[in-house]
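A look at the structure
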Amino acid sequence: MIVTTRTAPHNAAGMPPPWGLYDPAYEHDSCGVGFVAQLDGTATHALLDKAVHVLVNLEHRGAVGGDKSTGDGAGLLMQIPDAFLRDEFQACGVALPVRGDYAIGTVFLPADPARAQRCQRTFATIIAAEGGELLGWRDVPVVPDGLGVMALSTLPLIKQIALGRGAIAPDAFERKLYVIRRRIEKEVAAWRDGDYSQFYIPSLSSVTVVYKGMLTGTQLLTFFPDFQDARFISAFAIVHQRFSTNTLPTWSLAQPFRHVAHNGEINTLRGNANRMRALSALFASPLLGEDLEKIKPIIVEGGSDSAMFDNALELLIMAGRSLPHAAMMMVPEAWGSKYLMSEDKRAFYEYHAAIMEPWDGPAAMVITDGRYIGALLDRNGLRPARYTVTRDGLIVMASETGALEIPGENILKRGRLQPGKMFLVDLQQHRIVSDAEIKATISRQQPYRRWVRENAITLRGLFAPSDMPKTSPAALLRAQHAFGYTEEELKLIIAPMASQGQEPIGSMGNDAALAVFSKRARSVFDYFKQLFAQVTNPPIDPLREELVMSLMSFIGRVGNILDETPVHCRQLKLSHPLLTPDDLARLRNAKHPDIVVHELAMLFPAHGGGEALAAALDALCVQGAAAVRNGATILILTDRALDAAHVPIPALLATAGLHHHLIREGLRTMAGIVVETGEAREVNHFCLLIGYGASAICPYLALATVCDLAEQGLLENPLEAEAAADLYITAVKKGILKTLSRMGISTVRSYRGAQIFEALGIHKAVIDRYFTGTASRIGGIGLEEIAHEAQLRHQRGFPTRGTLDPLLDTGGEYLARVDGEAHLWTPTTIYKLQLATRAKDYQVFKEYTHGIDDQSKQHLTLRSLFDFKLGTQVPLDEVEPVEAITKRFVTAAMSYGSIGKETHEAIAIALNRLGGRSNSGEGGEDPARYVPLPNGDRRTSRIKQVASGRFGVTAEYLVNADELQIKIAQGAKPGEGGQLPGHKVSPDIARVRHTTPYVTLISPPPHHDIYSIEDLQQLIYDLKMVNPRANVSVKLVSEVGVGTIAAGVAKAKADLVLIAGYDGGTGASPLTSIKHCGLPWELGLAETHHALIANGLRDRIIVQADGQMRTGRDIVIAALLGAEQFGFGTAVLVTLGCIMMRKCHLNTCPVGVATQDETLRARFTGSPDYVECFLRFIAQDVREHMAQLGFRTMDEMIGQVELLDFRPALDHWKTRGVDLQRLLAPPPANGTRRCIRTQEHELAKALDVELLALAAPAFEHGTAVCCDLPIRNVNRTVGAMLSGEITRRYGAQGLPPDTLRFNFTGSAGQSFGAFVTRGVTLRVEGDTNDYLGKGLSGGKLIVVPPRDAHFVPHENIITGNVALYGATAGEVYIYGMAGERFAVRNSGAIAVVEGVGDHGCEYMTGGIVVVLGPTGVNFAAGMSGGIAYVYDDNELLGMRSNLDMVDLESVWTERDKRQLHTLLERHLQYTGSARARLLLDTWETAYPLFVKVMPMDYKRALERIKQHEFSDDEAVSASEEVFQTP
Amino acid sequence: MAKPTGFIEFPRVDPAKQNVAQRLTHYREFEPLLPGDELTRQAARCMDCGIPACHLYGCPVVNLIPDWNDMLYRGHWRRALDLLHKTNNFPEVTGRVCPAPCEAACVLAINQPAVTIKQLELQIIERGFREGWVVPQRPALKTGKSVAIIGAGPAGLAAAQQLARHGHTVVVFEKDDRIGGLLRYGIPDFKLEKWVLDRRLEQMLAEGVVFEPSVNVGRDLSVALVRARFDALLITTGAGVPRELPVPGRQLTGVHCAMEFLAQNNRRLAGETIPKSQGISAKGKQVIVIGGGDTGSDCIGTSLRQGAISVTQLELLPKPPEQRVERNPWPEWPGILRTSSSQEEGCERIWSVDTKECIGTHGAVEKLRCVRLAWTAVEVAGRRTFKEVPNSHFELPAQLVLLAMGFVHVEHGPLVEDLHLPLDARGNILADENHMTAVPGVFVAGDAHVGASLVVRAINFGRRAAAGVDAYLLGT
């Protein structure tokens, strides 16, 4: 056993203290979850055995920590086993009253006996005070053998308490127990005189009891001997296996909680918690009465997101709502117009939208109140939930099918939980209650529809305004100056938004100064960086899956949410958060009794400094609070009245300040905040205002600017002012959706106040007061500086002398200008670098590095504030050679497509020469490049990237790699997919990517096989299986909390984690993403290093950093902060000729680097020699620094943070407040600071090892092999290792079809048939889990139900979600239904299936899919190639499809008929499908009911090919020629 | 950028100059403007670069080239003009006489002919004047502070305009009888007709600038008096001391400094009569111009127009390469062979040649004795060196020799002496980054500060000095 040394002091519960940049508060968790229930309510011990069995079979979804035996947590919630506990307590001398009249509590007590006793005494006091009767305590027997070191060292004393009902009324018993528990929790939490962190009450109920701990599933059984007792029985059990990305989980955070077990993450937690706190001021409940005060605060800080969710749900239930009702409020399904649902249900959701925002984020929840056990899935359905109902009344629901083996004949139904749906098991009525029934009942329990219709207030219903006066050009100019508008913003941001209705796209990274380093007056908005989803939760796809998102919200006074009345929805309903000046006039003039508007001026006196600003803010907050107390329901913050004497308060500061003031005063939910500001103009501004509490924004100056641009004819299209304003608003709306989606949030209601930002360069004092709870890790400016910046802008608008400048400030943020923002790349640094590498002149190179490194005149990067401490110098010739250092160099992922062939290959050749690694990027690789050139140069990229688009990710691609990189996020656009504009998709690129030429390629924002950390673990396993020789790396982007994610990645067994800076390059990305998302790598790297060390994981994972690395100094700083390898992107392109045009997305690169245009490619003058020379020079530069610092090898240098010195920039009025000391927190002396061992992937246990042995005859003699084998859900990624081996031996063509045939029986684990290659046929009789046929590369997969099963296959789920993701070739036949996102990004495989869930054939670019049954919503979204045939006998396909890119046609050509007929025949042949037989038997009447789904672009491409066939041109092959013209 | 593919679609087009025979018959400008639709296409060639080296590296006056190109392409001439004036007070001058380092630094010039930036600049400002958009910009408020500017060349004039617009009282002293300095007297009319200058001076007068020509501060007016009368003093007297040719025979008649020759011709064209005794003419003479720079070219064009029989130009340096060499990459100013419009009008150019003696009987020059030079290929301390080629002496007949070998530094007259201004190693006036000399309140800009350079630099330095003066006057 490997003993891991604790590296930082923890409290008794095991939570490490914040250290350096690592803060355990940023933890996330994901997991396996499930329940087992017996419908007839019979409690048995066997049922518990089954539940534990499920848990054990889900173990691969959990994680173990650095010591390899401490589980992240496992637990079980069950009915109280009355007989068992009666006997047990009897043995302790406690007689339990009749069932129902006593409660059992499982209690974690401090291990310290004195402290434990003190806690126990408190129980006695409080129980007595609440009228209960303490019956006694029982020591819960535990066997700690085999627990991990971490679990053992934090093991609490575990006892059960028995509590009599005493004087409490029977129907109030559970509520009173809740009150008792809260009181005790609060009491203990208040003790400051000792470490009581271990104290926790997992359950206290008269119905249920919880057993849980810092365990694995297997350990749960042995740890609690109770489980072995035959009297230990229950009719249901909820189980949970945790994968926490915080590697030091605690006993208390194991799940289930009292009512909930959650697989997923709540993204909007901060906002939800704040709001719950604010709402609590108005709580009133006849049921809870006076007790309400005792239970507040409702949300227990320090809990996980799931724990807080449990807190809120518990309150709603205790206050009287039914369990399903409360769940529907907190996790509403999508109810937009695209969804067919009853008006009553829609009204239910609308009504509750006025009361409560969704707790948004991926969630598969199991809920219970003791009577009902249910499960629900959030609207995106990004967590798997499969269930089986047996003929003898057993219900098994779990993250995976097959978690419990059930004989085929006993299966009554197999299904999956669909997005937004719920189902309940009613143990009293002994039946399953369907989603439809639950929701129909609840949505009609009150006349919600009438309540909404009669009460909701709309803007149109308010008084209509008279014509608004138009702003004069002079006033407009003045205001633009005063709010700091720049010429660049007009041209690059506002005009494109108003011309095209969407955010402008840009390219390359950000090399401009951070706001806090800028010498210009920067807006407060610029000091905030957006956070984004990575790994622990997926981003949403706002483009293809917009239907789940919503911008609708209510503004006004929210009452007591524990009650429901018609008045609750008497609020202003807005379809989106943007108001025009007309809208605002309506609001101001409203006479409606519930619209009480109070205005607050966002202004402070000119020439006043920080104090004047603070005073103005105070006054604003006080007035706002007073107004709310006096009845205002809407507060309008306005800066319209600015003049020479009054400076606008930065809108974000005022909004956030007021928001937090109202929260503190308990008034927040009594009024909405509307911001009327001239300052907001780009998407990020609106998002920030909403994220800090604004309900609506009127950007009057931006709109006036748009109108002015339109009238002056400065927009791209000649537009009327009004049309331009509409487009601008559309662009903002789309941008907000995109921002929400980046974080995985669906509705603006939950985004509001969620504060999903990190401040970069703002002082703690400002944060604590105005932006409470926001991360701000490097300090920075205070109110004085903010006031000064506001004054500087104001002065331009109101100059004290001279005239108003007819031109605005230049800007220079995006395109460099002399008087604009400072940039690292200048003409001089660029040409010196090019000259140095072309002439191989190290002297010139040093001039270049000096130009970058010397930022003494103007700081641009965080690292410029570091200095090296001088170590003991060593002679330069003792430092390891250049070659040893260049091995650590990699190039950033740049796809063939974003850059040209010449560039791509030059980079690969250079890195191969140096022993470094180039990265294929997300665009596949031409197999021709696997063959070395005659001169020995190799053009292949040693790193092959696996990104969400999976373009060209075949088995062949994967085995030809030394490293496989999973791109979770990219610095330039974290939380988004990539995009390759159509004009760059040349025929050659289309071929390599398996797509259609000239059709824009969009990678989905999420990997559809990574919705959580356990999914990432699965993908890592998949890749390892197909290519065990390759290291698997995971690319993350720096943001607060990235360290904890990296720790999770380490536990998911990645070999390498890459921390990318936010500023890295891109071929195309929205400007908002380039500028405002993510953080510099310095922060992310340091945090990652700290988190890995703190959790004992640093030794097993290599850390790499990239993001605008340019010089040896950059590398050395990264190494000292903990990086072992280093990535270069932009600088490498510059050596090849890039001159930072930032036009990659336009395909007009004038130096032929980033274009596919033949004429321009001819202008490419780069050479691998230049790249090689550059990296050698860098290494030499590094060596020189090493000699100075006293390191002979890089290994010695990694993590030696003590040699860095932070030197504040005292001479700059803004920058002087920046403090980077936290980055330099030295690790404990004994901590390992670099990777010294490899991960244990345990591939030897894989079923494929057996398959490989069985396949030997085929390998040796080419004979066919056919075997029958059992299979279970723990057999994952079956077929991949076999296929990898075949591909390695025989290349992409594999073996002759059906050479290897394996017939399995049982439930196959995840990724069954992944990357299976030609020659392999896998058949399963039973069912399969998620990711069937992922990356299928030519093999054949067949799934059929158990032959003795009684259910109707085409109505039952037999394969999970996301089947055939990224498949490129092969065939699949599924005799049954598949889950969500069937054949997403399929680019060549053929599949027949009998029904699919939502988002079928999404992003498909090739292949054929035949669906013989129903489809879910959003079918064919983003489908740009391939064909789908859908049997549509009820003619609903049109409504269920996303018709943006496809046409629906009939099957009428002979060719189509023949194709369909053949596929049906094969389906029948392989599966024996009854449905296929029926359709073939009635062919003439059946085929007309098929709909052919045809992508429009694909059709055009095919037509072009066809035309060409008939023309008599002979010279050029058709597919090349016809695609020449887009 | 309105036309992303403009640079691929349209070739560079330069205006067709008048043919040589024709243009030698007059002293007017001979390059017509481009027609409007061609202009739009030329503007469309601008790529709106991420790092526009034209603006950031090439243009000394940091013209917002991509921005006004964009406006021009879209037909927003007025806005283009505002953008142009934002950085440059006299685009009508730079649009005519600037060697256009912006075009050398144009990103497109890496592998294609550069955007016709200079031509477009000229068109914007000429259109501006035509449309009446160039109007006086009078300050809203007078500051009550006063500035004396000494020297009415491009630096002084740019500074004067800036300071006047800032509300200061500005008086420009000029030793010559007319305002303009080198613009008036140094640049021949065929490159810059003088009405162009007068047109701009009118605007400045209307903005309140007071011109005091024929006042040589230090001689006609004491420096102390000027110091006492004004709150600040800005010296923009140029680098008036020409580089001499220290050889036997320099004193012969017919050997003149270029500036004597050029200024006289400009005066003549302006209608002044030059006393016959002082007259210098190339008519009917074999002319040798020593020095291969812009001034040399101006001598050639002027000589040819005066009726010289032949013009020969001598250059010390070796003949430059036709193409950029590796060590002289974009966006640096290319050290390549160029032929100026005057050179193309007819002259013989001899490189790697040094003049050893001017020879003449009767006190007038008749011929030059020269020697060929061999240049070393390697730089020593950043410079290449030469040796005379043994036995390579030769003689050239010449009745007029014009010395155009550049200028050494500012005149070290009473101005410098009375103020005790410290000088740098090259003899120019030292100043800090705000252009203030060692004497508080005394500023310097242009050639007097940095040595002889381009008009466009002078304008920029004038503007920067004005900012320094302004900050000084307002105590910020």
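None of the values given here were measured: they were computed from a predicted structure.

1. Some points on the overall build of chain A
Tallying secondary structure elements over chain A gives 48 helices and 51 strands in all. Taken over C-alpha atoms, the radius of gyration comes to 32 Å for chain A, in line with the 36 Å a tight globule of 1526 residues would show. In chain A, of all internal contacts separated by at least 6 residues, the share reaching a separation of at least 24 is 74%. With an accessible surface of roughly 45,800 Å², chain A has 52% of that area assigned to carbon and sulfur atoms.

2. Here we look at helix H10 (residues 154–165) of chain B
Owing to its 3.6 residues per turn, the α-helix brings residues three or four apart onto one side. All names here are of chain B. For H10, with 12 residues, the first-to-last C-alpha span of 17 Å sits near the 16 Å given by 1.5 Å per residue. Most of H10 is tucked away, with 12 of its 12 residues classed as buried. For H10, the full list of buried residues reads Pro 154, Ala 155, Gly 156, Leu 157, Ala 158, Ala 159, Ala 160, Gln 161, Gln 162, Leu 163, Ala 164 and Arg 165. Trailing H10 by a residue or two, Gly 167 shows a phi angle of about 100°, which is positive.

3. Comments concerning the packing of helix H17 (residues 610–629) of chain A against helix H24 (residues 783–797) of chain A
All names here are of chain A. Packing of H17 against H24 brings their axes to within 7 Å, and their N-to-C directions diverge by 95°. Relative to H24, the element H17 is oriented roughly perpendicular. Contact residues: H17 offers Gly 610, Glu 611, Leu 613, Ala 614 and Leu 617, while H24 offers Leu 783, Glu 784, Ile 786 and Ala 787. For the contact of H17 with H24, the residue count by class is 6 nonpolar, 1 polar and 2 charged.

4. Describing the pattern of salt bridges
All names here are of chain A. A complete count under the given rule lists 140 salt bridges over all chains for this structure. The salt bridge involving Lys 176 is made with Glu 130; its shortest N-O contact spans 2.9 Å. Here Lys 176 is found in helix H5 (residues 173–190), whereas its partner Glu 130 is found in the loop between helix H3 (113–129) and strand S4 (133–139), with 46 residues between them in sequence. A single burial state applies to Lys 176 and to Glu 130, both of which are buried. With its nearest N and O atoms 2.6 Å apart, the salt bridge here joins Asp 988 to Arg 991. Linking Asp 988 with Arg 991, this pair stays in helix H30 (residues 987–993), spanning 3 residues, or about one helical turn. By relative accessible area, Arg 991 is classed as partly exposed at 45%. It is possible to trace a salt-bridge network through shared partners that takes in Asp 87, Glu 88, Arg 138, Asp 226, Asp 229 and Arg 231.

5. A short note on the interface of chain A and chain B
Interface size, as often reported, equals the accessible area lost upon joining of the parts. Taken together, the contact pairs 43 residues of chain A with 45 residues of chain B. Here chain A meets chain B over a buried area of about 3,700 Å², counting both sides, of which 61% is carbon and sulfur. If you look at where chain A meets chain B, you find 7 salt bridges. Lys491(A) is the partner of Asp67(B) in a salt bridge, and the nearest nitrogen-oxygen pair spans 3.8 Å. Viewed at the interface, chain B and chain A are joined by 17 residue pairs in polar contact (both at pLDDT 80 or more). Only helix H15 (487–500) and helix H25 (827–839) of chain A provide two or more residues apiece to the side of chain A that touches chain B. In terms of residue count, H25(A) provides more of the side of chain A that touches chain B than any other element does, 7 residues in total. Class assignment of the residues belonging to the side of chain A that touches chain B gives a composition of 24 nonpolar, 9 polar and 10 charged.

6. Description of the confidence of the model for chain A
Residues and elements named next belong to chain A. Looking at chain A, pLDDT values average 91 and 96% of them are 70 or higher. Confidence drops under pLDDT 50 across residues 1–8; counting only partners more than four residues distant or on other chains, this segment forms 17 contacts. Scored below 50 in pLDDT, residues 1512–1526 makes 19 contacts in the model with residues more than four places away or belonging to other chains.

7. Quick word on the sheet that holds strand S2 (residues 169–173) of chain B
Residues and elements named next belong to chain B. As summarised here, the arrangement of the 5 strands in space is S3-S2-S1-S4-S16, forming an open sheet in which the pairing is parallel. The outermost strands of the open sheet, each flanked by one partner alone, are strand S3 (210–212) and strand S16 (442–444). Strand-to-strand, the axes of this sheet are offset by a mean angle of 20°, without reference to chain direction. One ladder, built from 3 bridges, connects S2 with S3; its direction is parallel.

8. Description of unusual backbone geometry
Residue Gln255(A) is joined to Pro256(A) through a cis peptide bond whose omega torsion reads 5°. Checked against the element boundaries, Pro256(A) lands in the loop between strand S8 (236–244) and strand S9 (260–264). A cis amide bond links Trp330(B) to the next residue, Pro331(B), at an omega of 0°. In this structure, Pro331(B) sits in the loop between strand S8 (310–314) and helix H16 (341–344). Phi at Arg950(A) takes a positive value of approximately 55°, unusual for a residue other than glycine. Looking at the secondary structure, you find Arg950(A) in the loop between strand S32 (943–946) and helix H29 (955–959).

9. Description of the nonpolar core
Residue and element names in this part refer to chain A. In this structure, Trp 359, Phe 528, Tyr 728, Phe 771 and Leu 1036 are the most contacted members of the largest nonpolar core, which totals 412 residues. Top element by residues in this core is helix H38 (residues 1168–1189). It accounts for 11 residues. Apart from residues no more than four positions distant in its own chain, Tyr 728 is found in contact with Ile 494, Met 497, Ala 498, Ala 680, Arg 681, Phe 686, Ala 702, Leu 703 and Val 706. Within the second largest apolar cluster, 104 residues are counted, among which are Val 52, Leu 135, Ile 1271 and Ile 1374.

10. Let's talk about the side chain of Asn69(B)
Looking at where Asn69(B) falls in the secondary structure, it is placed in helix H5 (residues 65–73). Asn69(B) has contacts with Ala43(B), Cys46(B), Val115(B) and Leu120(B), leaving out every residue within four places of it along the chain.

11. Some details on a nonpolar patch on the surface
All names here are of chain B. There is a patch of nonpolar side chains on the surface, built from Leu 316, Leu 317 and Phe 386 and spanning about 250 Å² of accessible area. Considering the arrangement of structural elements, one finds Leu 316 in the loop between S8 and H16. Residue class for Leu 316 comes out partly exposed when judged on its relative accessible area of 35%.

Analysis parameters
- Residues numbered from 1 in each chain as written.
- Chains lettered and ligands numbered in written order.
- Predicted model: local features only at pLDDT ≥ 70, side-chain atom pairs only at ≥ 80, totals over all residues.
- Heavy atoms only, no water.
- Helix = DSSP H or I, 4+ residues; strand = E, 2+ residues; numbered from the N terminus.
- Rg over C-alpha atoms; globule rule 2.2 N^0.38 Å.
- Contact = heavy atoms within 4.5 Å.
- Areas by Shrake-Rupley, 256 points an atom, 1.4 Å probe, with all protein chains shown as cover.
- Expected span 1.5 Å × (residues − 1).
- Buried < 20%, exposed > 50% of the residue type's maximum accessible area, 1.4 Å probe, protein only.
- Axes fitted to C-alpha atoms, helices over the stretch in contact; angles between N-to-C directions.
- Parallel < 35°, antiparallel > 145°, perpendicular 65-115°, else oblique.
- Nonpolar A, V, L, I, M, F, W, Y, C, P; charged D, E, K, R; others polar.
- Salt bridge = Lys/Arg side-chain N within 4 Å of Asp/Glu carboxyl O.
- Buried area = accessible area lost by both parts, 1.4 Å probe.
- Polar contact = N/O pair within 3.5 Å; in protein donor to acceptor, adjacent residues only side chain to side chain.
- pLDDT = per-residue confidence, 0-100.
- Pairing = 2+ DSSP bridges.
- Core = buried A, V, L, I, M, F, W, Y, C linked by side-chain atoms within 4.5 Å.
- Patch = residues over 30% accessible without salt bridge, like charges linked within 9 Å, V, L, I, M, F, W, Y side chains within 5 Å.

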